[in-house]
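# Fold and contact review
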Amino acid sequence: MPETESQSFTLILNGAPRHFSGMPPHLAALMRALGYEGKRVAVELNGGIIPKSRYAATPLKNGDTLEIVIAVGGG
């Protein structure tokens with residue numbers, strides 16, 4: 001098992017620190033782990049908007065700051 005998978009890490013998620021054990025390799029894995037896969041969301045990583053098409057190619061690092069906004073329909 002690679003060293004990064006056995007260590008804990010922290011992300012700042014919507015303004016609050018959130019601790020994880022085992023680093024997700026990329027944003028798509030984190031979105032899956034948080035239950036956001038397939039939902040309409042907007043993701044900002046360290047100040048930049050990440051398009052859904054780039055989630056799998058976007059690596060995460062300890063200390064990254066994410067803002068995740070869920071789209072809510074209504075009328």
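Treat the numbers as computed from the prediction; the structure is a model and nothing was measured. (Residues numbered from 1 in each chain as written. Predicted model: local features only at pLDDT ≥ 70, side-chain atom pairs only at ≥ 80, totals over all residues. Heavy atoms only, no water.)

## A closer look at the pairing of strand β2 (residues 16-21)
- One ladder, built from six bridges, connects strand β1 (residues 8-13) with β2; its direction is antiparallel. The residue bridging L13 from the neighbouring strand is A16, located in β2.
- What sits between the antiparallel neighbours β1 and β2 is a turn of two residues, in which N14 has the positive phi angle 50°. (Pairing = 2+ DSSP bridges. Helix = DSSP H or I, 4+ residues; strand = E, 2+ residues; numbered from the N terminus.)

## Looking at unusual backbone geometry
- You will see that N14, though not glycine, has its phi angle at about 50°, which is positive.
- Tracing the sequence through the fold places N14 in the loop between β1 and β2.
- Positive phi outside glycine occurs at N46, with the angle close to 50°.
- Within the secondary structure, N46 sits in the loop between β3 (41-45) and β4 (48-50).
- Judged by its relative accessible area of 43%, N46 falls in the partly exposed class. (Buried < 20%, exposed > 50% of the residue type's maximum accessible area, 1.4 Å probe, protein only.)

## Here we look at the confidence of the model for the protein
- Counting all residues, the mean pLDDT for the protein is 88, and 88% of those residues have values of 70 or more.
- Per-residue pLDDT stays below 50 along residues 1-5; that stretch engages in five contacts with residues further than four places along the chain or on separate chains. (pLDDT = per-residue confidence, 0-100. Contact = heavy atoms within 4.5 Å.)

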